[in-house]
Amino acid sequence: MPLVNIKNIHKKFGDLEVLKGVDFSVEEGEVVCLIGRSGSGKSTLLRCINMLEQPDEGSIEVFGEDIVHTKDINAYRAKVGMCFQQFNLFNNMNVLENCVRPQVKILKTPKEEARNRALLFLDKVGMQDFANASVNKISGGQKQRVAIARSLCMEPKLMLFDEPTSALDPEMVQEVLSVMKELAKEGLTMIVVTHEMNFARDVADRVVFMDGGVIVEEGTPEEMFTNPQNEVTKAFLSTY
Amino acid sequence: MERFIQNILKILNTYGSSLWLGVKTTLFVALTGTLIGLVLGLIVGGIRAIKLDYNASKASKASKKAIDILLNIYIAIFRGTPMMVQALFIYYLLLDYIHWTYLQAAVVVISINTGAYMAEIVRSGIQAVDVGQSEAARSLGMSNWQTMMNVILPQAIKNAFPAIGNEFIVNIKDSSVLMIISITELMFQAKSIAGSTFLFTETYFIEAIIYLILTSIAAIILNMIEKRMNQTKVSLPQSVTAPENIAYAVEKENIGGNSDYASR
Ligand SMILES: Nc1ncnc2c1ncn2[C@@H]1O[C@H](COP(=O)(O)OP(=O)(O)OP(=O)(O)O)[C@@H](O)[C@H]1O
Ligand SMILES: [Mg+2]
């Protein structure tokens, strides 16, 4: 059974129908890249997976659980990491505290243990030296790596990335992508909305192209980048 | 002119201790009123800012709505009527049930009054916190309450600090209306001194100078605290990579706070 199993979801914002019947599933350990034009509904689909948006229709099952109707959404969200374009590190906490506080408050991890785990994951993303830095004193690439570490501290079974490198200066993109590549290699299940086609080509097991609120075409990076079937996909990919 | 100065010295000499009592009472009432008012404002502003989860039960949605209406009524009443009237009304209303002193009543009234203003200040402080902050908290699995306490309120208080400090200065001045219920604050003391000396101009001149000194010192201290807070951590909107002082100025403008402490 797939880890993520979405059937026919619809989502409207006012009169604007952003998702028009999307079926989407992800197997355990799979890395899926979501690509498509601006406004095609990629973020909305991703945000539905941890219920930051609620679908109007359709079903979403993750880890075999109906998350649209789950009683304890917070317990579910704790198992799903999310990284945002704007990083969204907590401004009132330093780097280490950003990684410690969620563990202590949500998982009720003892402080000392939480601290050790935080340092471990900060080390993994190469940010251990900045543990006591203020989040406003580090670069965008460093912020995104801390945000990844913060998620990893929760030991997620699934990670969602919404254009994690789009707000970064070009020279910082690689440091974030290489951390993500590492996670993919370790077998973490990841869904990545991205405009980094090289990343999608190298790392994704499957590439999904969305347009106008539906999935138009999907396949292996090989199929999608060398031999797209759909005209819209072709037109989109030719812009890269 | 010489006479004026002589009279002032005479008043200070004879009534120095009652003026000093007035200063102490004024500061006590203004400070406790601001602090208790802040706590009230955080509770009221926090409750009003909480958006219930999409999956909250019908009952909790209905009670949230009822609570919001009550809180709005509280804010409207206490911001929409003079504190002098509030003081008289509440003092006499409750006098039969709790045999309270004037001072107790004064502290209660100024606290509730300040709370209504603080609730609005806290609300705009909360609105100035980037939505990404609460989205990140919720995506990690924090509850509404945890998000509010750990992420939103600490930043909101910081955002709103200039406006919060301003309430203290306003209270130093506005506590003067509480003389209506005979507490020995500065205004009350000055009025009795003027009444027994008949040196009205001189007495009220002294009073004005004392208020000016108190509010100036308070403004200096608040400015120092504010500078301190900004040195340690600046809460920038994350997307902004502009120089920090520019971004911070923009953010403060958003919530209508400013550092030139002035009256409302
Ligand atoms: N909360 C919202 N309220 C109203 N409209 C929204 C909201 N969120 C998204 N939209 C609209 O829904 C449409 C799809 O948005 P979405 O963010 O899913 O697109 P996207 O594929 O992620 O685009 P981008 O590449 O620009 O991030 C857009 O037209 C957007 O303006
Ligand atoms: Mg998007």
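The numbering scheme is per chain: residues are counted from 1 as the chain's sequence reads. Starting at A for chains and at 1 for ligands, labels are handed out in the order in which the entities are written. At least 70 in pLDDT is required for a residue's local features to be given in this predicted model, at least 80 for side-chain atom pairs to be given and counted, and no such filter applies to totals for whole chains, interfaces and linings, which use all residues. In computing side-chain values, all of the structure's heavy atoms are included and hydrogens and water are not.

A few points about the overall build of chain A
Thinking step 1. A count of helices and strands for chain A gives 9 helices and 10 strands.
Thinking step 2. Computed over its C-alpha atoms, the radius of gyration of chain A comes to 18 Å, within 12% of the 18 Å expected for a compact globule of 240 residues.
Thinking step 3. Projected onto the principal axes, the alpha-carbon positions of chain A cover approximately 55 × 45 × 35 Å.
Thinking step 4. The cut-offs for exposure are 20% and 50% of the maximum accessible area for each residue type, with area from a 1.4 Å probe on protein chains only; residues under the lower value are buried, those over the upper are exposed, and the others partly exposed. Looking at chain A as a whole, 59% of its 240 residues qualify as buried.
Thinking step 5. It only takes one pair of heavy atoms within 4.5 Å for two residues to be counted as in contact. Expressed as a percentage of contacts within chain A between residues at least 6 apart in sequence, the contacts between residues at least 24 apart total 66%.
Thinking step 6. We get accessible surface area from the Shrake-Rupley algorithm with a probe of 1.4 Å; when it comes to residues, only the shown protein chains can shield them. By element, 45% of the accessible surface of chain A is carried by carbon and sulfur atoms, the whole surface being about 10000 Å². Secondary structure elements follow DSSP: runs of H or I of four or more residues count as helices, runs of E of two or more count as strands, with numbering from the N terminus. Here the globule rule reads 2.2 Å times residues to the power 0.38, and the radius of gyration is calculated from C-alpha atoms.

A few points about the interface of chain B and chain A
Thinking step 1. Contact residues are listed per partner, giving 27 residues for chain B and 34 residues for chain A.
Thinking step 2. Accessible area that two parts lose when put together, evaluated with a 1.4 Å probe and summed over both, is termed the buried area. Together, the buried faces of chain B and chain A total about 2600 Å²; carbon and sulfur atoms form 49% of this surface.
Thinking step 3. The term salt bridge refers to a pairing of a side-chain nitrogen on Lys or Arg with a carboxyl oxygen on Asp or Glu at a separation within 4 Å. Put simply, chain B and chain A have 1 salt bridge between them.
Thinking step 4. Each polar contact in these results corresponds to two N or O atoms within 3.5 Å; when the atoms are within protein, one needs to be able to donate a hydrogen and the other to accept it, and residues that are neighboring in sequence are counted only if both atoms are side-chain atoms. Our count for the chain B to chain A interface comes out at 9 residue pairs in polar contact (both at pLDDT 80 or more).
Thinking step 5. Secondary-structure elements contributing two or more residues to the side of chain B that touches chain A are helix H5 (131-140) and helix H6 (144-174) of chain B.
Thinking step 6. At 8 residues, the largest contribution of residues to the side of chain B that touches chain A is made by H5(B).
Thinking step 7. Along the lines of polarity and charge, the residues of the side of chain B that touches chain A split into 9 nonpolar, 12 polar and 6 charged. Residues are sorted three ways: Asp, Glu, Lys and Arg are charged, Ala, Val, Leu, Ile, Met, Phe, Trp, Tyr, Cys and Pro are nonpolar, and all the rest, Gly among them, are polar.

So, the site of ligand 1
Residue and element names in this part refer to chain A.
Thinking step 1. As a structural note, the neighbourhood of ligand 1 is formed by 13 residues, with Ser38, Gly39, Lys42, Ser43 and Thr44 the closest of them.
Thinking step 2. Ser38 has a polar side-chain atom sitting 2.6 Å from an oxygen atom of ligand 1.
Thinking step 3. Interatomic distance of 3.1 Å between a side-chain N/O atom of Glu163 and an oxygen atom of ligand 1.
Thinking step 4. Its free accessible area being 630 Å², ligand 1 has 60% of it covered by the protein chains.
Thinking step 5. Sorting the residues of the shell around ligand 1 by element identifies strand E2 (16-26) and helix H1 (42-49) as the ones contributing at least two each.
Thinking step 6. For the shell around ligand 1, the element with the most residues is H1, which contributes 3 residues.
Thinking step 7. Counted by class, the shell around ligand 1 contains 3 nonpolar, 7 polar and 3 charged residues. Working definition: residue near molecule or strand if any one of its non-hydrogen atoms lies within 4 Å of it.

Quick look at the sheet that holds strand E5 (residues 65-66) of chain A
Residues and elements named next belong to chain A.
Thinking step 1. At least two bridges found by DSSP between two strands is the condition for calling them paired. Pairing in this open sheet of 4 strands is antiparallel, and the strands run E2-E1-E4-E5 from one edge to the other. Each edge of the open sheet carries a strand with a single partner, namely E2 and E5.
Thinking step 2. As judged from the 5 bridges shared by strand E1 (residues 4-13) and strand E4 (residues 57-62), these two strands associate in the antiparallel manner. Bridging from a neighbouring strand, Val4 pairs with Val62 of E4.

Let's talk about empty space enclosed by the protein
Thinking step 1. Cavities and pockets were defined on a 1 Å grid built over protein atoms only: a cavity is a set of grid points that admits a 1.4 Å probe from which the probe cannot escape, a pocket is an open set flanked by protein on both sides within 12 Å along at least five of seven lines, and lining residues are those with an atom within 4 Å of any such point. Grid points are joined across faces, edges and corners, and a volume is the space filled by probe spheres set on the points. On inspection of all chains with the given rule, the structure shows 2 cavities of 30 Å³ or more.
Thinking step 2. Residue lining of the largest cavity: Met82(A), Phe84(A), Ala147(A), Arg150(A), Ser151(A), Ala136(B), Ser139(B) and Leu140(B), and that is the complete set.

Considering the layout of surface pockets
Residues and elements named next belong to chain B.
Thinking step 1. In this structure, the largest pocket spans a volume of roughly 830 Å³.
Thinking step 2. Forming the boundary of the largest pocket are 28 residues, of which Ala49, Lys51, Ser134, Arg138 and Asn144 lie nearest the centre.
Thinking step 3. Every element with two or more residues in the lining of the largest pocket is listed here: helix H1 (2-49), helix H2 (58-80), helix H4 (102-127), H5 and H6.
Thinking step 4. Here the lining of the largest pocket is composed, by residue class, of 11 nonpolar, 5 polar and 12 charged.

Brief notes about the pairing of E2(A)
Thinking step 1. In this sheet, E2(A) lies alongside E1(A) in antiparallel orientation, the contact comprising 8 bridges. Opposite Ile6(A), over in E2(A), you have Phe24(A) as the bridge partner.

Topic: the packing of aromatic side chains
Residues and elements named next belong to chain B.
Thinking step 1. Only rings of Phe, Tyr and Trp enter the pairing, Trp through its six-membered ring, and a pair is recorded when the two centres are within 6.5 Å. The plane angle decides the type: under 30 degrees is stacked, over 60 is edge-to-face, the rest tilted. Counted under the stated rule, the structure contains 9 aromatic pairs over all chains.
Thinking step 2. Between Tyr74 and Phe78, the ring centres sit 5.5 Å apart and the planes meet at 55°, which makes this aromatic pair tilted. One end of the pair, Tyr74, and the other, Phe78, are both in helix H2, 4 residues apart, so they sit about a helical turn from each other. For the pair Tyr74 and Phe78, one class covers both residues: buried.
Thinking step 3. Here the aromatic cluster, defined as three or more aromatic residues joined through ring pairs, consists of Tyr91, Tyr92, Trp100 and Tyr102.

Brief notes about the side chain of Asn92(A)
Thinking step 1. For Asn92(A), the location among the structural elements is in the loop between strand E6 (80-83) and helix H3 (95-107).
Thinking step 2. We classify Asn92(A) as buried; its relative accessible area is 15%.
Thinking step 3. Polar contacts involving the side chain of Asn92(A) include one to the side chain of Gln155(B), which spans 3.3 Å.

Comments concerning a nonpolar patch on the surface
Thinking step 1. Patch membership requires over 30% relative accessible area and the absence of a salt bridge. Like charges are linked within 9 Å, and nonpolar side chains (Val, Leu, Ile, Met, Phe, Trp, Tyr) within 5 Å. A contiguous nonpolar patch, built from Phe205(B), Ile209(B), Ile213(B), Ile217(B), Ile221(B) and Ile225(B) and spanning about 500 Å² of accessible area, is present on the exposed surface.
Thinking step 2. Tracing the sequence through the fold places Ile221(B) in helix H8 (residues 200-232).

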